[in-house]
Structures are given as C-alpha cells and as structure tokens.
Amino acid sequence: MFKRREVLLGSTAMMLTGGAAQAKLPDVSVWTAYDLGSSGYAEASGIADAIMKKQPMKVRIVPSGTSIGRLLPMKQGKANYGFLANELYFSAEGTFDFAAPSWGPQDVRVVLARPASNAMATAGDIGVKEVKDLKGKRVGYVKGNPSVNVKTDAYLAFAGLTRADVQVVWFGSYNAMKTAVINNQLDSFSSVTTSANMREIEASPRGLTYPPFPPSDKAGWDRIRAVADFFEPYHETAGAGISKEKPIDLVGYRYPIIATYANTSADEVYSIVKAVDESMDLIKAITASAGNWAPNVSGKPPADAPWHEGSIRYLKEKGIWKPEHQAWQDQRMARLKKVQAGWADAQKKFKGQGDEAWTKFWEEYRVKTLGLAPSDA
C-alpha cells in the first residue's frame, strides 16, 4: 500500500567519487515543485541548473499549484523528487487531502530541507500592522493545498482569529493569489518573503507588508502550535522589503524540502546530496536564502518526515549527522510506522461507505486509537 511504482532510469551517468563507491546520478530526473513565480520553483530550477553545469544529468521540473499535483507524479513513479512544503508532513500522516482512501500515509523521506521563514504577505494599503488587524480582510486559501491552508489557519490563530473572522477567498493555484493581491481582489496570503511574487507585490501600487510574530507572545505561539507543531520563531533578515537593517520576526519552518519515496535508491539519493553540496558555489546565488541549502544547514532534523538513508549516509561521512539527529530520526520513523499500521488496521475495521464516511472514521481512529492530535485542530 505504501510503495510507489519503481521508475527505472538510466544509470550510466558518471560515477561520483567519495564514500559510496557505487553511487551514481541518474541520466534523467524529474522533479515536482510549486508553480511558476514561487521561490520553490525558482530554487528547484536553480539547483537543477547548477548540478547540470557540473554533472551529466538532465532534470525536468514539473510545476503544480496544489499539494496533490506535486505528490501524485511521485506516487505514480512519473517524478523522482519533489520540492515540497508541509504537504510532506500531511502525506506522511495521512491527513487532509491525503486522508482519502486512495492516499493514506505515504512512505516518504526527506533528502534535504532548507530552513526558511513564512509570513502573511499583506497589501500595504489596508493599514495592517499586527496579525489581529487581518480581521475582516480578504485572506487567500488554495483548493487541494493543505500546506498553504494550515499555515494560514495557524497564523490567524496567533491573534486568536479563525476563518470565520476573515473573508476567505479560494483559489485554484498558489500563484493566482499574487495576481489577486495586485488586482485588489485579495488582501493577504501566506508566503515566503524571497519569492518573485513578493517582489511584484512590493513594486505594485498597493505595496507589501508583513505583520510580525513576536517570539515574546507566548500565548500566540501556543495557539500556532496547537494548529501545527512544526513551526518556530524565525528572525528574518532577507526578502522583499526585509534586510539586515530592517529585520522582522516571522514564522520558521522548512521550505522547500527535497523529498522522495523510501524505495528510491540510497546510492542515487547519496549522489543527489553530494551533487548539491559540490554545487553550492552556484546554488548560493539563486536567492537570498539559497545558501541555506548547504548540507551542514539543510541536512539536520527536524523536518516533516524521516530522512532518507542515502542522505544520512552522506551526512554521516561529512560529520554533519550527530547522535541527536539519529535519535530524532528513530522517533520519527516509529511514528510513521505507527500511523501506517493504524491506517491498515482502520481500513479493516471500517464498515461504512463513501469517502466522507471514511475520512471521519480515520480522523476519529487517529485520535482515539493512535492517540494523535486532531488533524484539523
């Protein structure tokens, strides 16, 4: 249930030197990413270009504005890696869109995970100074993208707000929200600060602002973590309208996360991580935050799923992977196996009919039988 169809790619690429004697890059690799204009797409493209300048590997990027659109090609074996956001967490947990009977907990793994900040990108002409000022404003959500939607819910919760306190505006893709802000059809949506979209909004007549998330607001942070526990305070010094001279306290998480399925060759994953490491002289110039792709930064837990064995092998050889990282890995693997076993057991016990009945049953099973927090907290 948890295995994807294996993709056989050419493996006649040059052999990499280093600790894994047989580690090879594939001739061709297909990666999914957020849609055009996003920082995820920019960094996926930049990393692919950097690697291809140094290695005989061809990369094709498949953009999508939805979580399902980025995971489905990987599940079907049509893509090898994804530059993902927190949909990786939801897919491993079998929650939100991944609670559907056709999905369930996916056996996914992290390759590298860049630390990043996220914000409520807000039009500068509506007087928003704090998160609470978003009350009554038009706030963007994306159909089929729980990664975006849960972030937005969490950020509103920081100020004690919910969807009922704002005007929810739904979109079919992530990139469409940028255009809507510029066209005065939307006031705010969750985004990284370094994307081309943010530069466009900043340069528009409406301008751009980000309400802060002060670390000193302990109650606000407790409310954020009640929605999703992978967020932390982040002092951002780069991005549209942000600099070392004008920093801001935002929300930290991992994005993009290079992810794959567990059955991807460990040698291949080792080689991908090695190729990223050896291309950092080019990668660090992609965006203001791209230097954080260095494995000594992006190769450490926590992240949204367990790490791939191929990544761990390379990180150990470089002295990056420490005992505390392995302890986190062991705990995260135990949780993933628990959720996967629970899904299989819940399917055996389910007596209802229809996707809606199953989703409700699975949510109750997660909470009551597995002892996990509600996915829609």
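Look up: the structure comes first, before these words.
Just so it is clear, the model here is predicted, and its values are computed rather than measured.

Caption draft 1: Main features of the overall build of the chain. From N to C terminus, the chain includes 13 helices and 10 strands. A compact globule built from 377 residues should have a C-alpha radius of gyration of about 21 Å, and the chain, at 20 Å, falls within 12% of that. Seen through its C-alpha atoms, the chain measures out along the principal axes to roughly 60 × 55 × 35 Å. Scored against the burial criterion, the 377 residues of the chain give a buried share of 55%. Taking as baseline every contact in the chain between residues at least 6 positions apart, the subset at least 24 positions apart corresponds to 72%.

Caption draft 2: Inspection of the side chain of Thr 260 at higher detail. Inspection of the secondary structure puts Thr 260 in strand S10 (residues 248-261). A distance of 2.8 Å separates a polar atom in the side chain of Thr 260 from the backbone oxygen of Asn 80.

Caption draft 3: Structural view of helix H5 (residues 175-182). Along H5, the residues classified as buried are Met 177, Lys 178, Ala 180 and Val 181. Projected onto a plane normal to the axis of H5, the buried residues spread over an arc of 165° and lie on a single side. Elements in contact with the buried residues of H5: strand S4 (108-123), strand S5 (138-142), helix H4 (146-158), strand S6 (167-171), strand S7 (188-191) and helix H6 (196-203). Remark: Asn 184 follows H5 within two positions and exhibits a positive phi of approximately 60°.

Caption draft 4: Broad picture of the packing of aromatic side chains. Across all of its chains, the model carries 24 aromatic pairs by this definition. Here the aromatic rings of Phe 158 and Phe 213 are separated by 5.0 Å at their centres, their planes lie at 65°, and the arrangement is edge-to-face. Separated by 55 residues along the polypeptide, Phe 158 in helix H4 and Phe 213 in the loop between strand S8 (208-209) and helix H7 (218-227) bring together distant segments of the chain. Residue Phe 158 is classed as buried on the basis of its relative accessible area of 5%. Among the residues examined, Phe 213 registers a relative accessible area of 0% and is labelled buried. Residue placement shows Arg 70 over the ring face of Tyr 34; its charged tip is 3.5 Å from the ring centre. Over the ring of Trp 103 we find Lys 75, and its NZ or CZ is 4.4 Å from the ring centre.

Caption draft 5: Quick peek at the packing of H4 against H7. Between H4 and H7, the shortest axis-to-axis distance is 7 Å and the interhelical angle comes to 155°. It follows that H4 is roughly antiparallel to H7 by the angle criterion. Along this stretch, H4 crosses H7, giving a crossing that reads as right-handed. Only Gly 220, Trp 221, Arg 223, Ile 224 and Val 227 of H7 make contact with H4, whose side of the interface consists of Val 150, Asp 153, Ala 154, Ala 157 and Phe 158. Across the contact of H4 with H7, the residue classes tally to 7 nonpolar, 1 polar and 2 charged.

Caption draft 6: Structural detail: unusual backbone geometry. Residue Pro 256 is bonded to the preceding Tyr 255 through a cis peptide linkage, with omega at -5°. With respect to the helices, strands and loops of the structure, Pro 256 is situated in strand S10. Following Pro 301, the chain continues to Pro 302 via a peptide bond in cis, the omega torsion being 5°. Mapped onto the elements of the fold, Pro 302 is located in the loop between helix H10 (295-298) and helix H11 (309-317).

Caption draft 7: Spatial organisation of the pattern of salt bridges. Using the criterion set out here, one finds 16 salt bridges in the structure. As a salt-bridge pair, Arg 138 and Asp 187 come within 2.9 Å of each other at their nearest N and O atoms. Placement of the pair is Arg 138 in strand S5 and Asp 187 in the loop between H5 and S7, with a sequence separation of 49 residues. The burial state of Arg 138 is the same as that of Asp 187; both residues are buried.

Caption draft 8: Quick look at the packing of helix H8 (residues 266-278) against H11. Between H8 and H11, the shortest axis-to-axis distance is 7 Å and the interhelical angle comes to 50°. The angle between H8 and H11 falls in the class oblique. For the pair H8 and H11, the sense of crossing is right-handed. In contact with Ala 266, Asp 267, Val 269, Tyr 270, Val 273, Lys 274 and Asp 277 of H8, H11 contributes Glu 309, Gly 310, Ser 311, Arg 313, Tyr 314 and Glu 317. Its residues assigned to classes, the contact of H8 with H11 comprises 5 nonpolar, 2 polar and 6 charged.

Caption draft 9: Region of the structure containing H4. The first and last C-alpha atoms of H4 sit 18 Å apart over 13 residues, in line with the 18 Å expected at 1.5 Å per residue. Across the 13 residues that make up H4, a large majority, 12, are buried. Along H4, the residues that are buried comprise Pro 146, Ser 147, Val 148, Asn 149, Val 150, Lys 151, Thr 152, Ala 154, Tyr 155, Leu 156, Ala 157 and Phe 158. Looking one or two residues beyond H4, the residue adopting positive phi is Gly 160, at roughly 75°.

Caption draft 10: Broad picture of the environment of Ile 320. Following the sequence through the fold, Ile 320 ends up in the loop between H11 and helix H12 (323-349). Judged by relative accessible area, which is 11%, Ile 320 ranks as buried. Between the alpha carbons of Ile 320 and Gly 299 there is a distance of 7.4 Å; along the sequence they are 21 residues apart. Apart from residues lying up to four places away in sequence, Ile 320 is in contact with Pro 295, Asn 296, Gly 299, Lys 300, Leu 315 and His 325.

Criteria and thresholds
Residues numbered from 1 in each chain as written. Predicted model: local features only at pLDDT ≥ 70, side-chain atom pairs only at ≥ 80, totals over all residues. Heavy atoms only, no water. Helix = DSSP H or I, 4+ residues; strand = E, 2+ residues; numbered from the N terminus. Rg over C-alpha atoms; globule rule 2.2 N^0.38 Å. Buried < 20%, exposed > 50% of the residue type's maximum accessible area, 1.4 Å probe, protein only. Contact = heavy atoms within 4.5 Å. Polar contact = N/O pair within 3.5 Å; in protein donor to acceptor, adjacent residues only side chain to side chain. Arc of directions from axis to C-beta. Phe/Tyr/Trp six-rings, centres within 6.5 Å; stacked < 30°, edge-to-face > 60°. Lys NZ or Arg CZ within 6 Å of the ring centre and 35° of its normal. Axes fitted to C-alpha atoms, helices over the stretch in contact; angles between N-to-C directions. Parallel < 35°, antiparallel > 145°, perpendicular 65-115°, else oblique. Left-handed = near helix turned anticlockwise from the far one by under 90°. Nonpolar A, V, L, I, M, F, W, Y, C, P; charged D, E, K, R; others polar. Salt bridge = Lys/Arg side-chain N within 4 Å of Asp/Glu carboxyl O. Expected span 1.5 Å × (residues − 1).

Honestly, that's just the spatial picture; any functional story needs more than this.
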